[in-house]
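# Commentary on secondary and tertiary structure
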Amino acid sequence: MIARLLNDRSFSYGDFDAHDGLWEMAERTRGDVLERMALVPRVMEARGLDATPPIQAKLRQVGDQPAVDVLDVILREEVRHVALGNRWYEWLCSQRGVEPHAFFRETMRKHRAPKLRGQINRPARIAAGFTNEELDSLLQA
Ligand SMILES: [Fe+2]
């Protein structure tokens, strides 16, 4: 979908620089599936939930509805990725007898994960399994 959008605008995938934060975090957490579940879906992918609506607002301002629609699809799918991450994170925590919130904070510090800041997409995060209580607590950390 992204490749098609770019092609319609005379660009190709790879023409623009992109950050590799998600991949970097996947590498940092390669030694432990629980750390991976804590930080890849619940931090990095969840940041995508927050970042998408402001990007869509800019695209709407310039009248690029096809791009807004593509990001709608990606946002919907991303909610599911984060929800799956939350589910497996909870499951792994219970398997190991680990307290999820404390382990999450500790793992965030250990791998220097970006903190939750600014405008969050609360409805999408709630749909993905976060609780208001956890979000409020993470925003204050
Ligand atoms: Fe994803």
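Refer to the structure presented above.
Residues numbered from 1 in each chain as written. Predicted model: local features only at pLDDT ≥ 70, side-chain atom pairs only at ≥ 80, totals over all residues. Heavy atoms only, no water.

## Description of the coordination of the iron ion
Tetrahedral metal sites with four donors have an ideal angle of 109.5 degrees; octahedral sites with six donors have ideal angles of 90 or 180 degrees. The protein atoms that coordinate the iron ion are E45 (OE), E78 (OE), E78 (OE) and H81 (ND1), at distances of 1.9 to 2.7 Å. Angles of 51 to 132° at the metal separate the 4 donor atoms of the iron ion, which places the site in the irregular class. Counting along the primary sequence, the residues that act as donors to the iron ion give the motif E-x32-E-x2-H. Taken together, the residues span a long stretch of sequence, with E45 in helix α3 (residues 33-61) and E78 in helix α4 (residues 65-96) at a distance of 33 residues. Residue classification places E78 among the buried residues on the basis of a relative accessible area of 15%. (Donors = N, O, S within 2.8 Å, 3.2 Å for Na, K, Ca; no water. Tetrahedral: all angles 85-135°; square planar, octahedral: opposite > 155°, others 65-115°. Helix = DSSP H or I, 4+ residues; strand = E, 2+ residues; numbered from the N terminus. Buried < 20%, exposed > 50% of the residue type's maximum accessible area, 1.4 Å probe, protein only.)

## With respect to the packing of helix α5 (residues 100-110) against helix α7 (residues 132-140)
The geometry of α5 relative to α7 is characterised by a closest axis approach of 12 Å and an angle of 30° between their N-to-C directions. As summarised for this structure, α5 and α7 are arranged roughly parallel, according to the angle between their axes. Two packed elements cross with a definite hand, and for α5 against α7 that hand is right-handed. Residue-level inspection shows H101, F104 and R105 of α5 in contact with α7, the latter providing E134, S137 and L138. Taken together, the residues of the contact of α5 with α7 break down into 2 nonpolar, 2 polar and 2 charged. (Axes fitted to C-alpha atoms, helices over the stretch in contact; angles between N-to-C directions. Parallel < 35°, antiparallel > 145°, perpendicular 65-115°, else oblique. Left-handed = near helix turned anticlockwise from the far one by under 90°. Contact = heavy atoms within 4.5 Å. Nonpolar A, V, L, I, M, F, W, Y, C, P; charged D, E, K, R; others polar.)

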